[in-house]
Amino acid sequence: MKILASSLAIAATVASFPFAAAFGISSGRGLKVTPTSTSKTTTSLFDVSLESRDGHPPIIIPTDADSVEPTIPAVVTGKEADGLIGNVLPLGIRLTGGEKLREDGLTGKGVKVAVIDSGVANWHPNFDRKVVEQVWFRRGGSLSSTPGADHGTHVAGTIHMMAPEAEIYDYRVFGSQGKVGVNRAIAMAIDEAVDMGCDVINMSIQYGAADFSWNQAMRRAKKEGVLIVAAAGNSGDGSITTNENSWPANFESAISVGAISKQDNLPTASFSNTNDQVDYAGVGVNVISYSPKGSFVGKNGTSMASPHVCGFIAALMTKGGMYEDSITGDASLRALLNDKFCIDIGRKGVDNATGLGFLTYLSKEEFEEGFLELPDH
């Protein structure tokens, strides 16, 4: 973990979720998959009459078909979770303080959040028209039926439930076709998010090598005061003594988020990467969020932990809220999180699995009285 002159520096990692039916994590060149065809009952992603039922259709970057095989997010598990009804928030949202944030008026109003991922199903009714911009650098396959394509919707759903009034900017960078490759698309999406005035960027992406164009774009974003949250990666072996590295998580300009389970003492998920760049931990096991089918789905991964933290940050940045003036960039955000909203878990002090600890708007007393036991550090 890097140390700044006045505060702990946080680096970010990403969770990978496969676009293919088989699960897999790349350690060097990233995940590669063969594009999956859609079923007869599902329309192409570009039939806007069915795939973009809410608001305007996405902006599609003009493209020629190409043979680039993308590095894609990897899903650890996924299952339908129908039956989530009414105003009941998922447990992960409540553990991160979602209910209390609402009570204090911290809803993300006036905040713009970029989701760089596999695309967002803006027609899901629970988004309440908060997906305000969609720019797709790559395409191919329906979000509703292509294995793994629901990843971006799930990620954006968690952010929305943490900060329901924040505006979501959807940048699709995964898909079987596109004029630019996935790595270039990710760098372009970061730049576009900055140009559009986004305040926070979520990158639930895992890649086994450092991409120079990402690093450049992320450094530019940080210089402009844009915050970047990324998943630590899903290549963990269950041991805190070994290091598993992933990018963009390991870049200094990102906040790296590991995954914990919703159990007493908040144990680290066995798949979560461990290294000295992990900054914080978020809920990443059996996370319930939105599905492009209009229902809900449960997934595991650091991809799921990252948007809990991203959404929490967006809520803290609420325009007119009590912390708006306290967050002016990366360093001030870290100082605020470390001082007020971080609970030490795992090994006492900073560790390679959970960094400085679990981020939540709840006090330790509120957490234990309402939910789970915490380590006695």
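A brief structural summary. Keep in mind that this is a model prediction, so the values were computed, not measured.

### Details of the overall build of the protein
The secondary structure content of the protein amounts to 9 helices and 13 strands. Buried positions account for 58% of the 377 residues belonging to the protein. Long-range contacts, defined as pairs at least 24 residues apart, comprise 81% of the intrachain contacts of the protein with a sequence gap of at least 6. When the accessible surface of the protein is totalled, it reaches about 14,200 Å², and 48% of it is carbon and sulfur.

### Quick word on the pairing of strand E6 (residues 200–203)
Successive side chains on a regular strand alternate, one facing one side of the sheet and the next facing the other. Because side chains alternate across E6, one face comprises the buried residues Val200 and Asn202, and the other comprises Ile201 and Met203, equally buried. Across 3 bridges, strand E3 (residues 112–117) lies against E6 in parallel orientation. The residue of E6 that forms the bridge with Val113 is Val200. Here 4 bridges tie E6 to strand E7 (residues 227–231), and the two strands are oriented parallel to one another. Bridged to Ile201 within E7 is Ile228. Note on the crossover from E6 through helix H6 (residues 212–223) to E7: the handedness is right-handed.

### A look at the environment of Ala305
Relative to the helices and strands, Ala305 resides in helix H7 (residues 302–316). Here the alpha-carbon distance between Ala305 and Gly284, two residues 21 residues apart in the chain, equals 4.4 Å. Setting aside anything within four residues of it in sequence, one finds Ala305 in contact with Val257, Gly258, Ala259, Gly282, Val283 and Gly284.

### A closer look at the environment of Gln134
Position of Gln134 among the secondary structure elements: in strand E4 (residues 131–136). Sequence separation of Gln134 and Asn122 is 12 residues, and the distance between their C-alpha atoms is 8.8 Å. Of the polar contacts made by the side chain of Gln134, one reaches the backbone oxygen of Val120; its length is 2.9 Å. A polar contact of 3.1 Å, which involves the side chain of Gln134, links it to the side chain of Asn122.

### A short note on the pattern of salt bridges
A side chain with one charge may pair with a side chain of the opposite charge, provided their charged atoms come close. Using the criterion set out here, one finds 4 salt bridges in the structure. Its salt-bridge partner being Arg220, residue Asp191 comes within 3.0 Å of it at the nearest N-O pair. Taken together, the residues span a long stretch of sequence, with Asp191 in helix H5 (residues 182–195) and Arg220 in helix H6 at a distance of 29 residues. Overall, the relative accessible area of 22% leaves Asp191 in the partly exposed class.

### Notes on the packing of helix H4 (residues 151–162) against H7
Packing of H4 against H7 leaves a shortest axis separation of 7 Å and a crossing angle of 35°. Crossing geometry of H4 relative to H7 is assigned as right-handed. Of the residues in H7, those in contact with His151, His154, Val155, Thr158, Ile159 and Met162 of H4 are Ser303, Met304, Pro307, His308, Cys310, Gly311, Phe312 and Ala315. Looking at the contact of H4 with H7, its residues break down into 8 nonpolar, 6 polar and no charged.

### Considering the side chain of Asp170
Within the fold, Asp170 resides in strand E5 (residues 167–172). Buried Asp170, no salt bridge; nearest opposite-charge side chain is Arg172, N-O distance 7.3 Å. At 2.9 Å, the side chain of Asp170 and the side chain of Trp136 are in polar contact.

### Let's talk about the pairing of E3
Counting buried positions along E3 yields 5 of 6 residues, so the element is predominantly enclosed. Where E3 lies against E5, 6 bridges are found, and the strand directions are parallel. Note that in E5 the partner of Ile116 across the bridge is Tyr171.

Each value, and the rule that gives it
Residues numbered from 1 in each chain as written. Predicted model: local features only at pLDDT ≥ 70, side-chain atom pairs only at ≥ 80, totals over all residues. Heavy atoms only, no water. Helix = DSSP H or I, 4+ residues; strand = E, 2+ residues; numbered from the N terminus. Buried < 20%, exposed > 50% of the residue type's maximum accessible area, 1.4 Å probe, protein only. Contact = heavy atoms within 4.5 Å. Areas by Shrake-Rupley, 256 points an atom, 1.4 Å probe, with all protein chains shown as cover. Pairing = 2+ DSSP bridges. Right-handed = clockwise from strand over helix to strand, strands pointing away. Polar contact = N/O pair within 3.5 Å; in protein donor to acceptor, adjacent residues only side chain to side chain. Salt bridge = Lys/Arg side-chain N within 4 Å of Asp/Glu carboxyl O. Axes fitted to C-alpha atoms, helices over the stretch in contact; angles between N-to-C directions. Left-handed = near helix turned anticlockwise from the far one by under 90°. Nonpolar A, V, L, I, M, F, W, Y, C, P; charged D, E, K, R; others polar. Lys, Arg positive; Asp, Glu negative; His and termini not counted.

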